[in-house]
Number of protein chains: 2
Amino acid sequence: MPHFSKKLSPSNSILPEVSQHAGDRRIRRSKKALKETLIALMREHDFKEISITELVRRADLNRGTFYKHYRDMEGLLAETVEDAISDLIFSYREPYQHTDSLDLRKLTASGVKIFEHVHRHAAFYTLVVESQALPGLSDRICEVIKDLSLHDLELETLNPRINHSLYAGYQAYAIWGMILEWIKGGFVHSPEYMANQLLEYIRNRPAGTDIIHRSSPR
Amino acid sequence: MPHFSKKLSPSNSILPEVSQHAGDRRIRRSKKALKETLIALMREHDFKEISITELVRRADLNRGTFYKHYRDMEGLLAETVEDAISDLIFSYREPYQHTDSLDLRKLTASGVKIFEHVHRHAAFYTLVVESQALPGLSDRICEVIKDLSLHDLELETLNPRINHSLYAGYQAYAIWGMILEWIKGGFVHSPEYMANQLLEYIRNRPAGTDIIHRSSPR
DNA sequence: CTAGATAATGAACAATTGTTGACTAAGATT
DNA sequence: AATCTTAGTCAACAATTGTTCATTATCTAG
């Protein structure tokens, strides 16, 4: 392991540690340095204020190195986000080995995994969301959630009156909406609480929505 | 009903025609020119490619004029989006005069108005969403939907196990998820269809979500 | 209509951006 | 270990950005 500057934490634990699939060690080193420095700078200034010149100066890299790998600042942030996404996808796929045939369990198991993923990278998500910077972060994440949950739900949703792609968008963004509230609230709830809430929202409908089937409760 | 086919309409009907509350006519003129030119340029290049220099050249304004009103390109786009938001808020508030006490009606009446708003500005929403540019457009719109629907739903949602702010985020982003699918699909559905789908999603739960209470229906 | 206010202009300015080419250093492959 | 490949460096470049200032044009208040 080569020399790290002692200024900040020696290993930046915010970064999801992915996209190390580049063959060349030099590329890995440079990209990692750029991502870590970006995160560090985002803790000090708004994303908008960070200049590429300052970034590479802090990362102790030549400016040309940045442009060799990224088109612009958004490109770097996008790849940093993509690293988190990879972990999300991995986390999401996992629980399916040990689910039984109950659709509800499947859905909430997925939900739990998503919430756990976000919670694991809480510092990262907080930073990115609060930095206004989101280069389509919401959209990218929802795209993933949508694809993943569409894959599950379209087979289960028997009601022929329901438009599947619209419903997938509905569900995916709904979950993301919960996550945003969670983030903005500073993660005061546990991932399990979040999953239980999701379950609650799907299972129980707000007052007045069950007009048609309402009967006397015991 | 916006006209799509023609290349460049003489008066750019995409712009929601708001934020004209600035007292000085010169400011109104400049801002309007900048917004219209921005829209025009976004039909040609990606948002990222548009330079302020080119913008003001096309708008026949001095570059200093731009900086007098906006911090940067995102600022201009943000205000353009804000104009649409104003119309959304207005549209949303409207239907509440003639709703009865049924919460479901209230909710779908709100939904209808939101869908109608988006449909009215279809060209605008398509442009902004497809331009990747969204300076937090999703977030801004959902913020509005959330505030508006939270105002309605928190009083109606009797279930004490439901976290209201989380639920508001859930509902707001869910609607936005539907809208995004709608936009990306090229508005093949009518606003009424969208509202009916929303109703369907809230009223009917997907198969398997009613496990616990499932018993012989009677 | 006049006078004060201020938006718009035009010109400078340092700084940053995005790109290029020649050169050096490091890693991958046999 | 030798060598082919390519990442990283350095310097230069035009272009754009963001800012300032004096001047002119236009608006609003009275």
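Residues numbered from 1 in each chain as written. Chains lettered and ligands numbered in written order. Predicted model: local features only at pLDDT ≥ 70, side-chain atom pairs only at ≥ 80, totals over all residues. Heavy atoms only, no water.

**Examining the protein's contact with DNA strand D**
Surveying the vicinity of DNA strand D reveals 20 residues, the closest of which are Ser30(A), Thr65(A), His69(A), Arg26(B) and Arg63(B). Across the atoms of DNA strand D situated within 4 Å of the protein, the share located in sugar and phosphate is 61%. Within the contact set of DNA strand D, a phosphate oxygen lies 3.0 Å away from a backbone nitrogen or oxygen of Gly23(B). One nitrogen or oxygen atom from the side chain of Arg63(B) is found 2.8 Å from a base nitrogen belonging to DNA strand D. Broken down by element, the surface near DNA strand D gets its largest block of residues, four residues, from helix H3 (residues 63–69) of chain A. For the surface near DNA strand D, the class distribution of residues is four nonpolar, seven polar and nine charged. (Near = heavy atom within 4 Å. Polar contact = N/O pair within 3.5 Å; in protein donor to acceptor, adjacent residues only side chain to side chain. Helix = DSSP H or I, 4+ residues; strand = E, 2+ residues; numbered from the N terminus. Nonpolar A, V, L, I, M, F, W, Y, C, P; charged D, E, K, R; others polar.)

**Description of the packing of helix H6 (residues 122–130) of chain B against helix H8 (residues 164–184) of chain B**
Residue and element names in this part refer to chain B. For the pair H6 and H8, the least separation of the axes is 10 Å and the interaxial angle reads 95 degrees. When the axis of H6 is compared with that of H8, the two are roughly perpendicular. Residue-level inspection shows Tyr-125, Thr-126 and Val-129 of H6 in contact with H8, the latter providing Trp-176, Leu-180 and Ile-183. Class assignment of the residues belonging to the contact of H6 with H8 gives a composition of five nonpolar, one polar and no charged. (Axes fitted to C-alpha atoms, helices over the stretch in contact; angles between N-to-C directions. Parallel < 35°, antiparallel > 145°, perpendicular 65-115°, else oblique. Contact = heavy atoms within 4.5 Å.)

**Examining the protein's contact with DNA strand C**
Taken together, 21 residues sit near DNA strand C, with Arg26(B), Ser30(B), Asn62(B), Thr65(B) and His69(B) positioned nearest. Among the atoms of DNA strand C lying within 4 Å of the protein, the sugar-phosphate backbone contributes 65%. In the model, a phosphate oxygen of DNA strand C is placed 2.6 Å from a nitrogen or oxygen of the Thr65(B) side chain. For DNA strand C, a base nitrogen lies 3.3 Å from a polar atom in the side chain of Lys68(B). Broken down by secondary-structure element, the contributors of at least two residues to the surface near DNA strand C are helix H1 (25–42), helix H2 (52–59) and H3 of chain A together with helix H1 (25–42) and helix H3 (63–69) of chain B. Looking at the surface near DNA strand C element by element, the count peaks at four residues for H3(B). Of the residues in the surface near DNA strand C, the class split is four nonpolar, seven polar and ten charged.

That's the geometry; what it means functionally is another story.
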